[in-house]
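# Close look at the chain arrangement
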Amino acid sequence: MGLLRVMMPPKLQLLALLAFAVAMFFLENQIQKLEESRGKLERAIARHEVREIEQRHIQDGLRERDSAAVLPDGEDDVVIIYNRVPKTASTSFTNIAYDLCGKNHYHVLHINTTKNNPVMSIQDQVRFVKNVTEWREMKPAFYHGHVSFLDFTKFGVKKKPIYINVIRDPIERLVSYYYFLRFGDDYRPGLRRRKQGDKKTFDECVSAGGSDCAPEKLWLQIPFFCGHYSECWNVGSQWALEQAKYNLVNEYMLVGVTEELEDFIMMLEASLPRFFKGATELYKTGKKSHLRKTSEKKPPTKESVTKLQQSDIWKMENDFYEFALEQFQFVRAHAVREKDGELYLLAQNFYYEKIYPKN
């Protein structure tokens, strides 16, 4: 018995192909509309939550506080800004702030910029500075988001927020981000990622000279610390590197590294207990301490690492990372001691004497 084969005429094949293409375009369009609707819904929910919090504060009897022209200096007037660099364990750290905010009585606010653009327009800079300094219902506050450093003194602000941050080995950060764009993570595994479907490994990308693993993609931590100046975002700028170092030392209370995140959290708890009391224990024992892990991540080969390390951009980003690491280890050496494999905070090491006039 012969095999019956039905051949579709060429015209019907073309029509079928066109119908498939139209259907795929329609589906992509619907997915895009759903993503836009989800974004609008998230923003609407966020605005509603803010209104609820403000109303609750009014009902709780903040009339005396509202009547004051200026908030009194003190722990309740503190604002922390964590302008988090992508793929530096920022979600793990931020979730600790969320877990503690109810217990320690402060607010956590996510700075959600359009398409995660780290540079704000001048009008948004003014709005943001005004919000942070004058939004009394939200104080004390912990702001976090993928936003580059913003100098509040340029806007005539007398009391600046406290800046903190965490950075990571630049190649490790890039590898993590490369796989994150393709496979996502275990935090929101069902979310469609920008490069989903691309199965090329990081090593294959480097070997082929791909744009997603190019040395230019390493240029991120320097501009995040450099700020909102145009030169900060010129890849390979020596001025940007020096400005980032200056800001790290002069504008940030503490900058940790991903590789020593627990030590960073311990020092924050010691220096800012109003916010971080209980953070170290929560990080060690909490279920959310390592909440976000990039899926399908493969360590790069020595050949790939060596190729990236030959670039001037890597040398500059690594210079900044080493500078930050040295500063962090210096601060830690004067804050903690190690005993039997455990770190212990040093007790207060100063006191006052010869106090005059005598009563």
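Up top you'll find the structure we're talking about.
These remarks concern the structure in this document. Every value quoted in this text rests on a predicted model; they were computed, and no experiment measured them. (Residues numbered from 1 in each chain as written. Predicted model: local features only at pLDDT ≥ 70, side-chain atom pairs only at ≥ 80, totals over all residues. Heavy atoms only, no water.)

The next point concerns the overall build of the protein chain. Helices and strands together make up the secondary structure of the protein chain, namely 13 helices and 7 strands. Within the protein chain, the proportion of its 359 residues that are buried is 41%. Considering only intrachain contacts with a sequence separation of at least 6, the fraction spanning at least 24 residues in the protein chain is 74%. As displayed, the protein chain offers around 22100 Å² of accessible surface, 55% of which is attributable to carbon and sulfur atoms. (Helix = DSSP H or I, 4+ residues; strand = E, 2+ residues; numbered from the N terminus. Buried < 20%, exposed > 50% of the residue type's maximum accessible area, 1.4 Å probe, protein only. Contact = heavy atoms within 4.5 Å. Areas by Shrake-Rupley, 256 points an atom, 1.4 Å probe, with all protein chains shown as cover.)

Below, the discussion takes up the pattern of salt bridges. Under the counting rule described, the total for this entry stands at 11 salt bridges. For the salt bridge of Asp319 with Lys245, the shortest nitrogen-to-oxygen distance reads 3.3 Å. Of this pair, Asp319 sits in helix α13 (residues 312-333) while Lys245 sits in helix α8 (residues 238-251); the two residues are 74 residues apart in sequence, bridging distant segments of the chain. Glu260 is the salt-bridge partner of Arg332, the closest N and O atoms lying 2.6 Å from each other. In this pair, Arg332 sits in helix α13 while Glu260 sits in the loop between β5 (252-257) and α9 (261-271), placing the two residues 72 residues apart along the sequence. (Salt bridge = Lys/Arg side-chain N within 4 Å of Asp/Glu carboxyl O.)

With omega at -10 degrees, the peptide bond leading from Lys139 into Pro140 counts as cis. Relative to the helices and strands, Pro140 resides in the loop between α4 (122-134) and β3 (141-144). Here Tyr356 and Pro357 are connected by a cis peptide whose omega angle stands at -5 degrees. If you trace the backbone, Pro357 turns up in the segment after β7 (342-345).

The next thing to look at is the side chain of Thr94. Structurally, Thr94 can be placed in helix α3 (residues 90-104). The class for Thr94 is buried, based on a relative accessible area of 3%. One polar contact links the side chain of Thr94 to the main-chain carbonyl oxygen of Ser90, over a distance of 2.7 Å. Once you skip the residues sitting within four places of it in the chain, Thr94 turns out to touch Tyr82, Arg84 and His144. (Polar contact = N/O pair within 3.5 Å; in protein donor to acceptor, adjacent residues only side chain to side chain.)

With that settled, consider the state of the cysteines. Enumeration over the complete set of coordinates arrives at 2 disulfides. Through a disulfide, Cys205 is tied to Cys213; the S-S separation comes to 2.2 Å. Since a negative S-S torsion denotes a left-handed disulfide, the Cys205-Cys213 link at about -100 degrees is left-handed. With its sulfur 1.9 Å from that of its partner, Cys226 forms a disulfide with Cys232. Here the disulfide of Cys226 and Cys232 is left-handed, its torsion about the S-S bond being about -65 degrees. The same class applies to Cys226 and to Cys232, which are both buried. Disulfide partners in the protein chain, listed by the sequence order of the bonded cysteines, are 1-2, 3-4. (Disulfide = S-S within 2.5 Å.)

Moving on to the packing of aromatic side chains. Taken as a whole, this structure holds 21 aromatic pairs when the rule is applied. Taking the centre distance of 4.8 Å and the plane angle of 45 degrees together, the rings of Tyr106 and Phe275 count as tilted. Taken as a pair, Tyr106 in the loop between α3 and β2 (107-110) and Phe275 in helix α10 (residues 273-276) lie far apart in primary sequence, 169 residues in all. Residue class for Tyr106 comes out buried when judged on its relative accessible area of 5%. On the basis of an interplanar angle of 40 degrees and a centroid distance of 5.8 Å, the ring pair of Phe149 and Tyr252 is categorised as tilted. Of this pair, Phe149 sits in the loop between β3 and β4 (162-167) while Tyr252 sits in strand β5, and the two are 103 residues apart along the sequence. (Phe/Tyr/Trp six-rings, centres within 6.5 Å; stacked < 30°, edge-to-face > 60°.)

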